[in-house]
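Notes for the structure review
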Amino acid sequence: MGTVLKLPIIDLSSPEKIYTSRLIRQACLDHGFFYLTNHGVSEKLMEGVLMESKKLFSLPLDEKMVMARRGFRGYSPLYDEKLDPSATSKGDSKEIFTFGSSEGVLAQIYPNEWPLEELLPLWRPTMECYYKTVMDVGKKLLGLVALALDLEENFFEQVEGFNVQAAVVRLLRYPGELNSSGEVTCGASAHSDYGMLTLLATDGVPGLQVCRDKDKEPRVWEDVAGIKGAFLVNIGDLMERWTNGLFRSTMHRVVSVGKERYSVAVFVDPDPNSVVECLESCCSETSPPRFPPIRTRDYFHERFSQTFASYSGSG
Ligand SMILES: O=C(O)CCC(=O)C(=O)O
Ligand SMILES: [Fe+2]
């Protein structure tokens, strides 16, 4: 493993909102990644989610395939996703289980898949509690991000950027296999996240790396360590587009270190119908918009079609 990147730590419980928003701004300009502490999600709940996730992935494959994803919700077996479409591998070495809100348009198009209550009685209540609790964190954090951009605190709610029904939770299991040829095995190949913000919790097994300059060849990958109880937060592509590239959607990947690894990523994404376009405060005559306006649904569809084997979703 290479160098470990030192990332800023943001305390979500600080009463100094403006000061905290300035720290967030700097973190988003410099890295697009930061740790979030004192966020209000208990370690017990985070551990409970990881434990239930392990139980789900331990089920026999045919029982998991009953919940196989339609669109992007449900179970994805090993190699179903390849986050870097240009990679020569057969796919990313990981299993995924994705769910979201049971309400709203997305839930109608892609109903959540739940494991049988007889098999995993605590699964659904634990996951629903996590979803709800992390949404409170997402809302508070996006308020600070809006302040960091000199916008009204509720800006992202007004433009349907924050919508509790549009977020998704992605449970991940990396088997930790190593390649006999000595090549890097990716559990998640190089990519940036698609939405606004991602809140990541892991079981502490290393493997996550970021590449701060995606245009530099060869790419330089730096390790990111976990902080127990903290979320690792990163900016996604739609936030980068909203801010005209000011806030960075940084490329990252997960490499296998020969050990099984579990993580839980919550993607705080805009409403599928929202249009993401350059904020007035982020462009000028000398710095015109770098990206045309785009509907969230269309952006997601484009990315999922490139990265999922046989993707037939509409958002
Ligand atoms: O598992 C991790 O640590 C990161 C996962 C990730 O980057 C993703 O699913 O987008
Ligand atoms: Fe990611």
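Residues numbered from 1 in each chain as written. Chains lettered and ligands numbered in written order. Predicted model: local features only at pLDDT ≥ 70, side-chain atom pairs only at ≥ 80, totals over all residues. Heavy atoms only, no water.

As annotated in an unreviewed UniProt entry, the protein chain is Fe2OG dioxygenase domain-containing protein from Capsella rubella. According to the UniProt record, the Sequence similarities (unreviewed entry) comment for the protein chain is "Belongs to the iron/ascorbate-dependent oxidoreductase family." (UniProt positions renumbered as here; feature names shortened; annotations may be inferred.)

1. Looking at the sheet that holds strand 11 (residues 251-255)
If you trace the 4 strands from one edge of the open sheet to the other, you get 6-11-8-9, paired in antiparallel fashion. In this open sheet, the two strands that pair with only one neighbour each are strand 6 (186-191) and strand 9 (222-223). (Pairing = 2+ DSSP bridges. Helix = DSSP H or I, 4+ residues; strand = E, 2+ residues; numbered from the N terminus.)

2. Quick word on the packing of helix 2 (residues 43-57) against helix 5 (residues 123-148)
In the contact formed by helix 2 and helix 5, the axes pass within 10 Å of each other and the chain directions differ by 135°. When the axes of helix 2 and helix 5 are compared, the pair comes out oblique. Relative to helix 5, the crossing made by helix 2 is left-handed. Listed contacts from helix 5 to Leu45, Met46, Gly48, Val49, Glu52, Ser53 and Leu56 of helix 2 are Trp123, Thr126, Met127, Cys129, Tyr130 and Thr133. Partitioned by chemical class, the residues of the contact of helix 2 with helix 5 number 8 nonpolar, 4 polar and 1 charged. (Axes fitted to C-alpha atoms, helices over the stretch in contact; angles between N-to-C directions. Parallel < 35°, antiparallel > 145°, perpendicular 65-115°, else oblique. Left-handed = near helix turned anticlockwise from the far one by under 90°. Contact = heavy atoms within 4.5 Å. Nonpolar A, V, L, I, M, F, W, Y, C, P; charged D, E, K, R; others polar.)

3. Thoughts on the coordination of the iron ion (ligand 2)
Distances from the iron ion (ligand 2) to its protein donors, His191 (NE2), Asp193 (OD) and His252 (NE2), fall within 2.1 Å. When the donor residues of the iron ion (ligand 2) are listed from N- to C-terminus, their spacing reads H-x1-D-x58-H. You can see aspartate 193 sitting in the loop between strand 6 and strand 7 (197-202) and its partner histidine 252 sitting in strand 11, a full 59 residues away along the chain. For the pair aspartate 193 and histidine 252, one class covers both residues: buried. (Donors = N, O, S within 2.8 Å, 3.2 Å for Na, K, Ca; no water. Buried < 20%, exposed > 50% of the residue type's maximum accessible area, 1.4 Å probe, protein only.)

4. So, the site of ligand 1
Taken together, Arg170, Leu172, Tyr174, His191, Asp193, Leu200, His252, Val254, Arg261, Ser263 and Phe267 make up all the residues around ligand 1. One of the side-chain nitrogen or oxygen atoms of tyrosine 174 is found 2.6 Å away from an oxygen atom of ligand 1. Within the side chain of histidine 252, a nitrogen or oxygen atom sits 3.1 Å from an oxygen atom of ligand 1. Computed on the free molecule, ligand 1 has an accessible area of 300 Å², of which 97% lies beneath the protein chains in the complex. Elements with a contribution of two residues or more to the shell around ligand 1: strand 5 (168-174), strand 11 and strand 12 (261-268). Classifying every residue of the shell around ligand 1 gives 5 nonpolar, 3 polar and 3 charged. (Near = heavy atom within 4 Å. Polar contact = N/O pair within 3.5 Å; in protein donor to acceptor, adjacent residues only side chain to side chain. Areas by Shrake-Rupley, 256 points an atom, 1.4 Å probe, with all protein chains shown as cover.)

5. Description of helix 2
In this model helix 2 runs 21 Å from its N-terminal to its C-terminal C-alpha over 15 residues, within 8% of the 21 Å that 1.5 Å per residue would give. Those residues of helix 2 not exposed but buried are Leu45, Met46, Gly48, Val49, Leu50, Glu52, Ser53, Leu56 and Phe57. (Expected span 1.5 Å × (residues − 1).)

6. A few points about the side chain of glutamate 240
Its location among the elements puts glutamate 240 in helix 7 (residues 237-242). As a buried residue without a salt bridge, glutamate 240 has its nearest oppositely charged side chain in lysine 214, at a separation of 4.7 Å. When residues no more than four places from it in sequence are discounted, the contact partners of glutamate 240 are Ile235, Gly245, Phe247, Arg248, Ser249 and Phe291. (Lys, Arg positive; Asp, Glu negative; His and termini not counted. Salt bridge = Lys/Arg side-chain N within 4 Å of Asp/Glu carboxyl O.)

7. Notes on the packing of helix 1 (residues 17-30) against helix 5
Running from N to C, helix 1 and helix 5 point in directions that differ by 80°, and their axes come no closer than 8 Å. In terms of their interaxial angle, helix 1 and helix 5 are classed as roughly perpendicular. For the pair helix 1 and helix 5, contact is made by Lys17, Ile18, Thr20, Ser21, Arg22, Ile24 and Arg25 and by Leu141, Leu144, Val145, Leu147 and Ala148, respectively. In terms of residue class, the contact of helix 1 with helix 5 is made up of 7 nonpolar, 2 polar and 3 charged.

8. Quick notes on the sheet that holds strand 5
Strand pairing in a sheet takes place through backbone hydrogen bonds and is either antiparallel or parallel in direction. Sheet architecture is open: 8 strands sit in the order 1-2-10-7-12-5-4-3, paired in mixed fashion. Each end of this open sheet is capped by a strand with a single partner; those strands are strand 1 (9-11) and strand 3 (74-76). Each strand axis lies, on average, 25° off the axis of its neighbour in the sheet, ignoring direction. Two strands pair when backbone bridges link them, and strand 7 and strand 10 (residues 231-235) are joined in this way by 4 bridges, in the antiparallel orientation. Pairing of leucine 200 across the sheet is with leucine 232, part of strand 10. Against the sheet, helix 5 engages strand 2 (33-37), strand 4 (95-100), strand 5, strand 7, strand 10 and strand 12, with an angle of about 50° to strand 12.

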